[in-house]
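Now for the letters of each chain:
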Amino acid sequence: MVNKERTAAFQKLVAVAPATIPKLPWPADFEIDEFTPPDFTSLEVLSFASSGIPAGINIPNYDDIRQDLGFKNVSLGNVLSAKAPNEPIPFIHPEDLEVYQENRDAAFEVQVGIHELLGHGTGKLLRETSPGVYNFNHSSPPINPITGKAITTHYKPNETYSSVFGALSSTYEECRAECVAMALSCDFNILKIFGFDTGKRDFDMNSETGDVLYTSYLSMARAGIVAMELWDPKSQKWGQIHMQARYGILKTFLEAGDGFCVLDYKKEDLSDLTIKLDRSKILSHGRPAVEKVLQKLHIYKCIADVESARKFYDELTGVEGRFLGGES
Ligand SMILES: [Zn+2]
């Protein structure tokens, strides 16, 4: 059933997409030539039979089709907000519990909206569409912002993102979309669309809107810890693609520097572990750290550089050190 009120917010997000996409950390050469406004509907689900229930959907899952013909999105509103009454919330510090509980539905809705539309909905695969025909300037190739040099790889005729990236493709793409959500949830104009406005010109982190942003980052960090129940120490493999991605983002937060995000614990078995995240450093440390990772994820995908992508992603989502219960 369509939730008309929430759908209106998502339609507004679609309307600001063309102005928002250029804020992402890559040059126009790596973005779809012309943004085709998609449909974005918020649904309330009456019944859903599946082994895993998504909170939002961007279809189809074929990048070449998304790029050439377009796509559509749905947000599943009552999946987003579903939770058991009095559900315990491990890893959130008691001091943060109130703000977390009050804002997590709103934060999650913003996150899903951005993830689907501006995450999965962005990016251009640089392709040789048929022998000798390219969808980019092949004689003067785009400059790779990571290396500062002209790109040397692209998709060959009949190659798709899935065929080149193989088993890596799904989790890698989810991580890219989640990073877009973390980067753009800092955008005041987007938060405004979802009804959060302090009425001030500058972004006040101690406002109600700041609470939503803080909760977004806190939720992502928490998801990164919870993710590890889906990692198998025996096979050293991840059992869920989104959770692997979120763990990678938690690591990005932890490595953002200046104590931006710290895991606090005294007990050796980590059973008292809580997340300490400095809300005053989300814009100065959190967002730039995420954008650095996002740029790599994005460019490697655009230019079919699966080798660099695999190396980078394996490192980003590798479980080691204190996460194995050993020394920190
Ligand atoms: Zn996704």
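What counts, and at which threshold
- Residues numbered from 1 in each chain as written.
- Predicted model: local features only at pLDDT ≥ 70, side-chain atom pairs only at ≥ 80, totals over all residues.
- Heavy atoms only, no water.
- 1 Å grid on protein atoms, 1.4 Å probe; cavity = no way out; pocket = protein on both sides within 12 Å on 5 of 7 lines; lining within 4 Å.
- Points joined across faces, edges and corners; volume = space filled by probe spheres on them.
- Helix = DSSP H or I, 4+ residues; strand = E, 2+ residues; numbered from the N terminus.
- Nonpolar A, V, L, I, M, F, W, Y, C, P; charged D, E, K, R; others polar.
- Donors = N, O, S within 2.8 Å, 3.2 Å for Na, K, Ca; no water.
- Buried < 20%, exposed > 50% of the residue type's maximum accessible area, 1.4 Å probe, protein only.
- Patch = residues over 30% accessible without salt bridge, like charges linked within 9 Å, V, L, I, M, F, W, Y side chains within 5 Å.
- Areas by Shrake-Rupley, 256 points an atom, 1.4 Å probe, with all protein chains shown as cover.
- Salt bridge = Lys/Arg side-chain N within 4 Å of Asp/Glu carboxyl O.
- Contact = heavy atoms within 4.5 Å.
- Pairing = 2+ DSSP bridges.
- Axes fitted to C-alpha atoms, helices over the stretch in contact; angles between N-to-C directions.

An unreviewed UniProt entry annotates the chain as Dipeptidyl peptidase 3 originating from Lepraria finkii.

Trainee: Before we go on, may I ask you to explain the layout of surface pockets in this structure?
Mentor: Vacant regions in the atomic arrangement are exposed by a probe of water-molecule size rolled over the atoms. Considered as a void within the structure, the largest pocket measures approximately 1,500 Å³ in volume. What lines the largest pocket is a set of 46 residues, among which Ile53, Ala55, Phe108, His242 and Arg246 lie closest to the centre. Elements with a minimum of two residues in the lining of the largest pocket: strand 2 (56–59), helix 2 (63–69), helix 3 (77–80), helix 4 (97–120), helix 5 (161–165), helix 6 (169–184), helix 8 (208–226) and helix 9 (241–254). Counting residues per element, the lining of the largest pocket draws most heavily on helix 4, at nine residues. Of the voids in this model, the second largest pocket is the one considered here, and its volume is about 390 Å³. In terms of lining, the second largest pocket is formed by 16 residues, of which the most central are Gln236, Lys237, Trp238, Gln244 and Asp314. Breaking the lining of the second largest pocket down by element, the ones donating at least two residues are strand 7 (237–238), helix 9 and helix 11 (306–316). Looking at the lining of the second largest pocket residue by residue, the class counts come to six nonpolar, seven polar and three charged.

Trainee: What exactly am I supposed to notice about the coordination of the zinc ion here?
Mentor: For a metal with four tetrahedral donors the ideal donor-metal-donor angle is 109.5 degrees, while six octahedral donors give ideal angles of 90 or 180 degrees. Around the zinc ion, the protein contributes the donor atoms His115 (NE2), His120 (NE2) and Glu174 (OE), at 2.1 Å from the metal centre. Along the chain, the residues donating to the zinc ion fall in the pattern H-x4-H-x53-E. Pair noted here: His115 is in helix 4 and Glu174 is in helix 6, with a separation of 59 residues, a long-range link. A relative accessible area of 6% places His115 in the buried class.

Trainee: Looking at this structure, I do not really get a nonpolar patch on the surface. What am I missing?
Mentor: Taken together, the side chains of Tyr62, Ile65 and Leu69 define a hydrophobic patch exposed on the protein surface, amounting to about 350 Å² of accessible area. Relative to the elements of secondary structure, Leu69 occurs in helix 2. Residue classification places Leu69 among the exposed positions, given a relative accessible area of 69%.

Trainee: Before we go on, may I ask you to explain the environment of Ile299 in this structure?
Mentor: Here Ile299 is to be found in helix 10 (residues 282–302). On the accessibility criterion, Ile299 (0% relative accessible area) is buried. Note: C-alpha distance between Ile299 and Ala309 (10 residues apart in sequence) is 9.0 Å. In this view, Ile299 contacts Trp26, Phe30, Asn144, Pro145 and Ile146; residues no more than four positions away in its chain are not counted.

Trainee: What am I meant to see in empty space enclosed by the protein here?
Mentor: In this structure the tally under the stated criterion is two cavities of 30 Å³ or more. Of the pockets and cavities examined, the largest cavity occupies roughly 50 Å³. Of the voids in this model, the second largest cavity is the one considered here, and its volume is about 40 Å³. Lining the second largest cavity, in full, are Ile32, Asp63, Arg66, Gln67, Phe71, His120, Gly121, Thr122 and Gly123. The element that contributes the greatest number of residues to the lining of the second largest cavity is helix 2, accounting for three residues.

Trainee: I would appreciate a short explanation of the sheet that holds strand 2 in the present structure.
Mentor: Sheet strands pair by backbone hydrogen bonding; their relative direction is either parallel or antiparallel. Sheet architecture is open: three strands sit in the order 1-3-2, paired in mixed fashion. Where the open sheet ends on each side, the last strands, each with one partner, are strand 1 (39–43) and strand 2. Ignoring strand direction, the axes of neighbouring strands in this sheet form an average angle of 15°. Here four bridges tie strand 2 to strand 3 (residues 72–76), and the two strands are oriented antiparallel to one another. Residue Ile59 lies in a different strand from strand 3, and its bridge partner there is Lys72. Docked against the sheet, helix 1 (residues 4–20) engages strand 1 and strand 3, running at close to 155° with respect to strand 1. Its contacts with the sheet place helix 4 against strand 1, strand 2 and strand 3, and it is angled at close to 15° to strand 2.

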